[in-house]
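Each chain, written out:
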Amino acid sequence: MTGAAVLTVEPGRWRLRHAAGTTLVSFDGDLHATAPQVTGGRWQANRRLAFAGTTILFEDLDPHRDCHDWKAAERPDASTLARWGEVLAGAWSSIEADLPHQAAAVRAGLRAVVPLVDDPTGTLRSSTARQAFASVGVALADASATAVMIAHEFQHSVLGALLDLCDLFAPSPAVRLTVGWRSDPRPVEGVLQGTYAHLTITEMWRQRASREAPGGPAHQRHEQFRTWTADAADALLGSGALTPAGNRFVRRLAAALTP
């Protein structure tokens, strides 16, 4: 069993007994910012929730999980955890229905969900940390919205991994591009990330619109994301900042847009 041992703050040494034997742990008194969170000696096990026909790590213990643009939530109580379980199970059903050609990639690549605190304004919050591949951060929402957030953030994670391996653009702080989903001009990498993620969300809304009467909300959302993505791809292709590989990559993104 994996998890976290919460210990007292006094410096010292402890011998932890576990299934594999014993481990000697020492503490020199330097807990930095984590010190106020240490409340007493007890064991907290990692928790897993149903997702993608198996289970996924619900990461509410790791002290390094608070690496997102929005604050990580504290460990939820039993009733909130049960709600999370319902939402993640429903979100997977939505991903299977709305992204039939990408669901297998999400199943294989996503390993952890980090709960984020709710936004008091009601705004949906989700995040991806480049250094935390295969995990996404999301605030609690309904299953349909959570599916969109997971799919969106997973694409950021995938593109982040690709950018670690291949240069798709030449860094140019002076280049800023206007996109439909933000009011402020964005750097090239931000636009590339948004375009790649929104291609998937466009497909989700296209699938949802196919099950709805013409002119309904899903049709409107599909058209909005399709327009945003197409315009952003055009802006990237005209920026002069893409490498040859990046140019081919973005042209394929633009070609993948379904009317």
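Below is a short write-up of the structure. (Residues numbered from 1 in each chain as written. Predicted model: local features only at pLDDT ≥ 70, side-chain atom pairs only at ≥ 80, totals over all residues. Heavy atoms only, no water.)

With that settled, consider the overall build of the protein chain. Across its full length, the protein chain holds six helices and nine strands. By the burial criterion, 41% of the 259 residues in the protein chain qualify as buried. Contacts spanning at least 24 positions in sequence make up 64% of the contacts within the protein chain whose residues lie at least 6 apart. Split by element, the accessible area of the protein chain, about 13800 Å² in all, is 54% carbon and sulfur. (Helix = DSSP H or I, 4+ residues; strand = E, 2+ residues; numbered from the N terminus. Buried < 20%, exposed > 50% of the residue type's maximum accessible area, 1.4 Å probe, protein only. Contact = heavy atoms within 4.5 Å. Areas by Shrake-Rupley, 256 points an atom, 1.4 Å probe, with all protein chains shown as cover.)

Empty space among the atoms becomes apparent when a probe as large as a water molecule is rolled across them. In this structure, the largest pocket encloses a volume near 1100 Å³. Lining the largest pocket are 32 residues, and of these Ser 126, Ser 127, His 152, Glu 153 and His 156 sit closest to its centre. Listing elements by their share of the lining of the largest pocket, those giving two or more residues are strand 8 (126–127), helix 3 (143–165), helix 4 (188–209) and helix 5 (217–237). Here the lining of the largest pocket is built from residues that sort into 12 nonpolar, 12 polar and eight charged. (1 Å grid on protein atoms, 1.4 Å probe; cavity = no way out; pocket = protein on both sides within 12 Å on 5 of 7 lines; lining within 4 Å. Points joined across faces, edges and corners; volume = space filled by probe spheres on them. Nonpolar A, V, L, I, M, F, W, Y, C, P; charged D, E, K, R; others polar.)

Next up on the list: the pairing of strand 6 (residues 54–58). Bridge count between strand 5 (residues 47–51) and strand 6: five bridges; the pairing is antiparallel. Within the sheet, the bridge partner assigned to Leu 49 lies in strand 6 and is Ile 56. Taking the residues that link successive antiparallel strands as the turn, the strand 5-strand 6 hairpin has two residues, and the phi of Ala 52 there is positive, at about 60°. Sheet topology note: the strand 6/strand 7 (residues 112–116) ladder contains two bridges and is parallel. Bridging across to strand 7, Leu 57 finds its partner in Ala 112. (Pairing = 2+ DSSP bridges.)

Without other data, these values stay purely geometric and don't point to any function.
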